[in-house]
Amino acid sequence: MVNGKVKKIDEVAGKVTLKHGPIKNLGMDEDGMTMVFRVRDPAMLKKVKVGDKVQFEAERTTAGITVTKMQKGK
Ligand SMILES: [Cu+2]
């Protein structure tokens, strides 16, 4: 799982902006990168709020880079 922090939530578009640590499977090695992700299931966005620390997994899909799992982190 990747550590991240929720910066913005767009429920209508099904997107979340996360500041995140390295994501090896996507070739993102740098720490502290902020970017927009799609979410696999919009219901995932109801479980978190802006400012929350999260742990997540993301994959590259035909729709773009997509968060496949997300849970509150510590
Ligand atoms: Cu990134």
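Our structure is the block above this text.
So, how was this worked out
Residues numbered from 1 in each chain as written. Predicted model: local features only at pLDDT ≥ 70, side-chain atom pairs only at ≥ 80, totals over all residues. Pairing = 2+ DSSP bridges. Helix = DSSP H or I, 4+ residues; strand = E, 2+ residues; numbered from the N terminus. Axes fitted to C-alpha atoms, helices over the stretch in contact; angles between N-to-C directions. Core = buried A, V, L, I, M, F, W, Y, C linked by C-beta atoms within 7 Å. Buried ≥ 20, exposed ≤ 12 C-beta atoms within 10 Å, placed from the backbone. Contact = placed C-beta atoms within 7 Å.

K.L.:
Help me understand the pairing of strand E1 (residues 2-10), please; the structure alone is not making it clear to me.
P.N.:
The side chains of a regular strand alternate between the sheet's two faces. Pairing of E1 with strand E4 (residues 53-61), which is carried by 4 bridges, proceeds in the antiparallel orientation. Following the sheet pairing, Val2 is matched in E4 by Phe56. Bridge count between E1 and strand E2 (residues 15-20): 6 bridges; the pairing is antiparallel. Among the inter-strand pairings, Lys5 is bridged to a residue of E2, identified as Lys19. Counting the residues between successive antiparallel strands, the hairpin from E1 to E2 contains 4 residues, one of them, Gly14, with a positive phi of roughly 70 degrees.

K.L.:
What is the right way to look at the pairing of strand E3 (residues 33-39) in this model?
P.N.:
Inspection of the sheet shows E2 paired to E3 by 6 bridges, in the antiparallel sense. Within the sheet, the bridge partner assigned to Thr17 lies in E3 and is Val36. One ladder, built from 2 bridges, connects E3 with strand E5 (residues 64-72); its direction is parallel. Across the sheet, Arg38 pairs through a bridge with Thr66, a residue of E5.

K.L.:
Can you help me understand the sheet that holds E2 in this one?
P.N.:
In a beta sheet, neighbouring strands pair by backbone hydrogen bonds and run either parallel or antiparallel. Read around the barrel, 5 strands follow the order E1-E2-E3-E5-E4 and close on themselves; strand pairing throughout is mixed. Along the sheet, successive strands turn relative to each other by an average axial angle of 55 degrees, direction set aside.

K.L.:
Even after reading the chapter, I still don't get the nonpolar core, so can you show me in this structure?
P.N.:
General note: in soluble globular proteins, nonpolar side chains tend to be found buried as a group. Within the largest apolar cluster, 14 residues are counted, with the highest numbers of intra-cluster contacts made by Val6, Val16, Phe37, Phe56 and Val67. Elements with a contribution of two residues or more to this core: E1, E2, E3, E4 and E5. Those residues within four positions of Phe37 in sequence are excluded, and the remaining contacts are Lys15, Val16, Leu18, Ala58, Ile65, Thr66 and Val67.

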